[in-house]
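Fold and contact review
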Amino acid sequence: MGTKSRESIYGASIRAAAEQAAKARKDADRLAVAAWNMRMLGFQGPAQPSPTIGDALNAGYGYLEVRCLGCNTNQTVALDIVRRPKTTPVHELERYMRCKDCSQVRGYPYKRSHLVALRPTKISASDPPSTWWPGER
Ligand SMILES: [Zn+2]
């Protein structure tokens, strides 16, 4: 009696529980991103509420695709380099986005954009949206 440490008695189950929690969080984040993407791609919004930058990254979606309403081109923004707290909902990024080309042409920061969807990779909108539902890897 008493020879087993608490670590050997509880360690494995604590680690297993923590892993389960992490997996559940990731699953929840993936589902939240999928739901948001469906709303954006299917109905073009509303963008609010939206997953946070941290949730999107945790779900494996590192990019936000944005369409410039000035020149109608789509661009992807890497979420891991966005200088905002990870708790920022992605829809709040809309007002910070600016189109380089349109800003240059107009001579002032052009910020009218539409959020398209969260993307796991940097890629164009010509790919069919159905590719983007998160599946099991
Ligand atoms: Zn533009």
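Examining the environment of Glu 65
On the secondary structure map, Glu 65 appears in strand β1 (residues 63–68). Measuring from C-alpha to C-alpha, the distance between Glu 65 and Ala 78 comes to 9.0 Å, with 13 residues separating the pair along the chain. Side chain to side chain, Glu 65 and Arg 119 meet in a polar contact 2.6 Å long.

Considerations on the coordination of the zinc ion
For the zinc ion, the protein coordination sphere consists of Cys 68 (SG), Cys 71 (SG), Cys 99 (SG) and Cys 102 (SG), at 2.2 to 2.3 Å. Of note is the zinc ion, whose four donor atoms meet at the metal with angles of 107 to 113 degrees in an arrangement that counts as tetrahedral. For the zinc ion, all donor residues lie on one chain, and their spacing in sequence is C-x2-C-x27-C-x2-C. Of this pair, Cys 68 sits in strand β1 while Cys 99 sits in the loop between β2 (74–78) and α3 (100–106), placing them 31 residues apart in sequence. Given a relative accessible area of 5%, Cys 68 falls into the buried group.

Calculation criteria
Residues numbered from 1 in each chain as written. Predicted model: local features only at pLDDT ≥ 70, side-chain atom pairs only at ≥ 80, totals over all residues. Heavy atoms only, no water. Helix = DSSP H or I, 4+ residues; strand = E, 2+ residues; numbered from the N terminus. Polar contact = N/O pair within 3.5 Å; in protein donor to acceptor, adjacent residues only side chain to side chain. Donors = N, O, S within 2.8 Å, 3.2 Å for Na, K, Ca; no water. Tetrahedral: all angles 85-135°; square planar, octahedral: opposite > 155°, others 65-115°. Buried < 20%, exposed > 50% of the residue type's maximum accessible area, 1.4 Å probe, protein only.

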